[in-house]
Amino acid sequence: MSDLNEATGVTDAATPALYLIDCSPLLAEPPGASFQVPEFTLTSTLEGELMQATVEARVDRTNRGVRLIAQVRGVQEGACARCLSPAHADLETHIDEEVLEERHAQGDVERLGRGNSIDLGRIAVESLDLVRRLVLHCDPLCPERCEHCGAPHLTQECPEREVDPRLAVLGSLLPSSGEERGIKD
Ligand SMILES: [Zn+2]
Ligand SMILES: [Zn+2]
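Residues numbered from 1 in each chain as written. Chains lettered and ligands numbered in written order. Predicted model: local features only at pLDDT ≥ 70, side-chain atom pairs only at ≥ 80, totals over all residues.

Draft legend 1. Structural detail: the overall build of the protein chain. The helix and strand tally for the protein chain stands at three helices and seven strands. Secondary structure elements in the protein chain, listed N-terminal to C-terminal, are β-β-α-β-β-β-β-β-α-α. Here the protein chain holds 185 residues, and the buried ones make up 21% of them. Expressed as a percentage of contacts within the protein chain between residues at least 6 apart in sequence, the contacts between residues at least 24 apart total 58%. (Helix = DSSP H or I, 4+ residues; strand = E, 2+ residues; numbered from the N terminus. Buried ≥ 20, exposed ≤ 12 C-beta atoms within 10 Å, placed from the backbone. Contact = placed C-beta atoms within 7 Å.)

Shown next, in the form of structure tokens:
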């Protein structure tokens, strides 16, 4: 086992690479050879939220390219949907996919990029995107917010709540004790 160096090249895509690894040394070895990628952490932005990814990966030589096996831990940072305070969620996912040499690749499969590189950073962030929370909340959960005034109390307990006029009419129709039932005024 030896370490893969972080490649310094640029991917084919217009977006800058997040963390490139150069698989050339591994491709020069027979199938079954394996490289350990040094653990790394990167930060990316997904739909306005920060995503921090920590990646532990191994790359195995296969007949058609390489097999990428990685454990990805992430921290999603954004705002609580209820109170807008900073909130975060811990995420975890696993990657196990073959990345093919161009001459073995057909259709929509993951392929080795220019210079036999793989953007492991991009693959890791995409895998976290699949397990990302759609709605973030405080942990522990913050109090429910009032629909009337936005303060941290239940809507029905709001001191500023106006009595619904329909309910007020009903209230006036209710007979109270000691009062004669009948038409008032
Ligand atoms: Zn909150
Ligand atoms: Zn209120």
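Draft legend 2. Structural view of unusual backbone geometry. Asp139 connects to Pro140 through a cis peptide bond whose omega is 5°. Relative to the helices and strands, Pro140 resides in the loop between α2 (120-130) and α3 (165-173). Even without being a glycine, Glu47 presents a positive backbone phi close to 45°. Position of Glu47 among the secondary structure elements: in the loop between β3 (34-46) and β4 (49-61). A positive phi angle, close to 60°, is found at Asn116, a residue other than glycine. Judged by the 21 C-beta atoms lying within 10 Å of it, Asn116 falls in the buried class.

Draft legend 3. Fine view of the nonpolar core. Counting 25 residues, the largest nonpolar core has Ala53, Val59, Ile118, Leu120, Ala124 and Leu128 as the members making the most contacts within it. If you list the elements that add at least two residues to this core, you get β2 (20-22), β3, β4, β5 (65-79), β6 (86-100) and α2. In this view, Leu120 contacts Tyr19, Ile21, Val37, Val55 and Ala57; residues no more than four positions away in its chain are not counted. (Core = buried A, V, L, I, M, F, W, Y, C linked by C-beta atoms within 7 Å.)

Draft legend 4. Up close: α2. Taken together, the buried positions of α2 are occupied by Leu120, Gly121, Arg122, Ile123, Ala124, Val125 and Leu128. Tucked into the core, α2 has its buried residues touching β2, β3, β4, β5, β6 and β7 (117-119).

Draft legend 5. Broad picture of the pairing of β3. Pairing between β3 and β4: eleven bridges, direction antiparallel. The partner of Phe35 across the bridge, within β4, is Val59. Two successive antiparallel strands, β3 and β4, enclose a turn made up of two residues, where Glu47 displays a positive phi of approximately 45°. (Pairing = 2+ DSSP bridges.)

Draft legend 6. Spotlight on the environment of Val131. Looking at where Val131 falls in the secondary structure, it is placed in the loop between α2 and α3. On the basis of neighbour count, Val131 is assigned to the partly exposed category, with 14 C-beta atoms found within 10 Å. Setting aside its immediate chain neighbours within four residues, Val131 contacts Leu91 and Thr93.

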